[in-house]
Amino acid sequence: MANNTYSFKIYAILVLCLMLISCQSDKNPNPSKSAASNQQAKPIVLKEAFKERYRVGTAMSLVQIMGEEPDTLSLVTSQFNSVTPENSMKWERIHPERNKYKFKASDTLVEFSNQNKLFLVGHTLVWHSQTPDWVFQQADGSPSDRKALLETMRLHIEAVAGRYDGKIQAWDVVNEALNEDGSLRSSKWHEIIGDDYLEHAFAMAAKASPHAKLYYNDYNLFKPEKRQGVIRLVKRLQSKGIPIHGVGLQAHYALDYPDLNEFEDSIKAFAALGIDVMITELDVSVLPFPDEENQGADVSLNLALQSKFDPYPNQLPESVELQLAQRYMEIFSVLNRNAKLIDRVTFWGVHDKQSWRNGWPMQGRHDYPLLFDRSLKQKAFVKALPQAGL
Ligand code: G3I
């Protein structure tokens, strides 16, 4: 009975979405007239609509941070109450050489987010990817040993997290340290330092930035084996008294991926550890995925472009937009009914044009995974998301 009521509500809201979508396309048959429909669409304000439930955040690209997309900046401050730099605080960007730090973009973002009272999440201190080779070498070019790499890690965390203590509210301290089966990924960090490299990273971050919340962040955490890997990791840190304040589920999803029951189970399991749970990199691809084995967010995947995998180069057909609406409704049903367990929901980008999904796992595609389209117009179905599942 409860299930029937729930299905009816989803159905009713989908009908509303369909009406909103077709109403918008009637008014705006030509996508180049999007500025006009922008005025007609009456967007909701996300941070207001969800303020009793969780923060709503977005990732900001370098050009956005540097003010080169002023309209996007207005959208960020009007719609969101949390931001994460999409790339600008990654090791290769902020600390490209042993004695060279590049803080311009991060300083700008810190100022922007502090001025606008946005909850700023630093991303990320320790990751196997986007980390220059020198990090794993000693000054003379020979391979680092455990002691040398721990010292490099400490200097980096002190310089970066320490610089912004009190100004960056939270850090993704370690990113993507687990394999799909929940075991520790064999990265250079793991190979050289050993199993305890995460413990050192969290302890160093706590020392360098005692005011920040410290998170573990990863993709495909809906998978039961990977979920267990996170639980083991968090419990190990907790048992040693090393601070870990939350887990971020990245949520790079698609129309049929993943099983949202498993996603919900992971949210509940992480919350049961007594820590914050965040959805940190939400997007929903509408494109066919060329490699079923590798869905998720392994950035090393790089396939040759084939037009059959880029079916909507000019415009998203209404029928697919409805599927996207339905998928977002299902995801927000899970989020809304677990709102008490969730601290933040961050989208991995402000608008479709910015999305990394256009370039992964093959460059040059046209995806539509976010809540704002290429002309910064809020998609029609967004209005229905606050009611999803309620
Ligand atoms: O800025 C340079 C540009 O100057 C150059 O001409 C161009 C040539 O390829 O590259 C540009 O940099 C690219 C950058 O995105 C900005 O577009 C990098 O090559 C590309 O590797 C980088 O991809 C980022 C990826 O992480 C790797 O760092 C994506 O934007 C970013 O969305 C993605 O984010 C990750 C999260 O950090 C962790 N979780 C998965 C998520 C998606 O992969």
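Draft legend 1. Summary view of the pattern of salt bridges. Under the definition given, this model contains 18 salt bridges. Asp-343 is the partner of Arg-55 in a salt bridge, and the nearest nitrogen-oxygen pair spans 3.1 Å. Taken together, the positions of Arg-55 in strand β1 (residues 55–60) and Asp-343 in strand β9 (residues 342–347) put the pair 288 residues apart, joining distant regions of the chain. Of the residues examined, Arg-55 reaches a relative accessible area of 28% and is grouped as partly exposed. Look at Asp-343 and you get partly exposed, because its relative accessible area is 21%. With a closest N to O distance of 2.6 Å, Arg-154 and Glu-158 form a salt bridge. Residue Arg-154 and its partner Glu-158 are located together in helix α8 (residues 146–163), separated by four residues, close to a single helical turn. By relative accessible area, which is 41% here, Glu-158 ends up partly exposed. Here the residues in one salt-bridge network are Glu-180, Asp-218, Lys-223 and Lys-226, joined through shared partners.

Draft legend 2. Summary view of the packing of aromatic side chains. Scanning all chains against the criterion turns up 17 aromatic pairs. Relative to Phe-381, the ring of Tyr-328 lies with its centre 5.5 Å away and its plane at 20°, an arrangement referred to as stacked. Of this pair, Tyr-328 sits in helix α13 (residues 318–337) while Phe-381 sits in the segment after β9, and the two are 53 residues apart along the sequence. Judged by its relative accessible area of 0%, Tyr-328 falls in the buried class. Residue classification places Phe-381 among the buried residues on the basis of a relative accessible area of 0%. By way of ring pairs, the aromatic residues Phe-50, Tyr-54, Tyr-328, Phe-332, Phe-347 and Phe-381 are connected into one cluster. A cation sits over an aromatic face here: Lys-226 above Tyr-219, 4.0 Å from the ring centre.

Draft legend 3. Highlighting the site of the ligand. With respect to spatial proximity, 16 residues lie near the ligand, and among them Glu-86, Lys-90, His-123, Glu-176 and Glu-281 are the closest. Take Lys-90: an N or O atom from its side chain is 2.7 Å from an oxygen atom of the ligand. Take Gln-130: an N or O atom from its side chain is 3.3 Å from an oxygen atom of the ligand. Within the shell around the ligand, the residues separate by chemical class into five nonpolar, six polar and five charged.

Draft legend 4. Structural view of the packing of helix α11 (residues 224–239) against helix α12 (residues 260–271). As a packed pair, α11 and α12 sit with axes 10 Å apart at the nearest point and diverge in direction by 10°. Classified by the interaxial angle, the pair formed by α11 and α12 is roughly parallel. Here Pro-224, Arg-227, Val-230 and Ile-231 of α11 come into contact with α12, specifically with Glu-262, Asp-265, Ser-266, Ala-269 and Phe-270. Taken together, the residues of the contact of α11 with α12 sort by class into five nonpolar, one polar and three charged.

Draft legend 5. Expanded view of unusual backbone geometry. Note that the residue after His-123, namely Thr-124, is joined by a cis bond; omega there is 0°. Along the chain, Thr-124 falls in strand β3 (residues 119–127). Here Tyr-257 and Pro-258 are connected by a cis peptide whose omega angle stands at 0°. Mapped onto the fold, Pro-258 is located in the loop between β7 (252–254) and α12. The backbone of Glu-176 sits at a positive phi, close to 55°, despite the residue not being glycine. Relative to the helices and strands, Glu-176 resides in the loop between β4 (170–175) and α9 (188–193).

Draft legend 6. Structural detail: the side chain of Asp-352. Here Asp-352 shows up in the segment after β9. Within the structure, the side chain of Asp-352 is placed 2.9 Å from the backbone nitrogen of Leu-370, a separation counted as a polar contact. Engagement of the side chain of Asp-352 in a polar contact is seen with the side chain of Lys-379, the distance being 2.7 Å.

Draft legend 7. A look at the layout of surface pockets. Within this model, the second largest pocket holds a volume of roughly 440 Å³. The wall of the second largest pocket is formed by 23 residues, among which Glu-86, Asn-87, Lys-90, Val-299 and Trp-356 lie closest to the centre. Across the lining of the second largest pocket, the residue classes tally to seven nonpolar, ten polar and six charged.

Cut-off values and rules
Residues numbered from 1 in each chain as written. Predicted model: local features only at pLDDT ≥ 70, side-chain atom pairs only at ≥ 80, totals over all residues. Heavy atoms only, no water. Salt bridge = Lys/Arg side-chain N within 4 Å of Asp/Glu carboxyl O. Helix = DSSP H or I, 4+ residues; strand = E, 2+ residues; numbered from the N terminus. Buried < 20%, exposed > 50% of the residue type's maximum accessible area, 1.4 Å probe, protein only. Phe/Tyr/Trp six-rings, centres within 6.5 Å; stacked < 30°, edge-to-face > 60°. Lys NZ or Arg CZ within 6 Å of the ring centre and 35° of its normal. Near = heavy atom within 4 Å. Polar contact = N/O pair within 3.5 Å; in protein donor to acceptor, adjacent residues only side chain to side chain. Nonpolar A, V, L, I, M, F, W, Y, C, P; charged D, E, K, R; others polar. Axes fitted to C-alpha atoms, helices over the stretch in contact; angles between N-to-C directions. Parallel < 35°, antiparallel > 145°, perpendicular 65-115°, else oblique. Contact = heavy atoms within 4.5 Å. 1 Å grid on protein atoms, 1.4 Å probe; cavity = no way out; pocket = protein on both sides within 12 Å on 5 of 7 lines; lining within 4 Å. Points joined across faces, edges and corners; volume = space filled by probe spheres on them.

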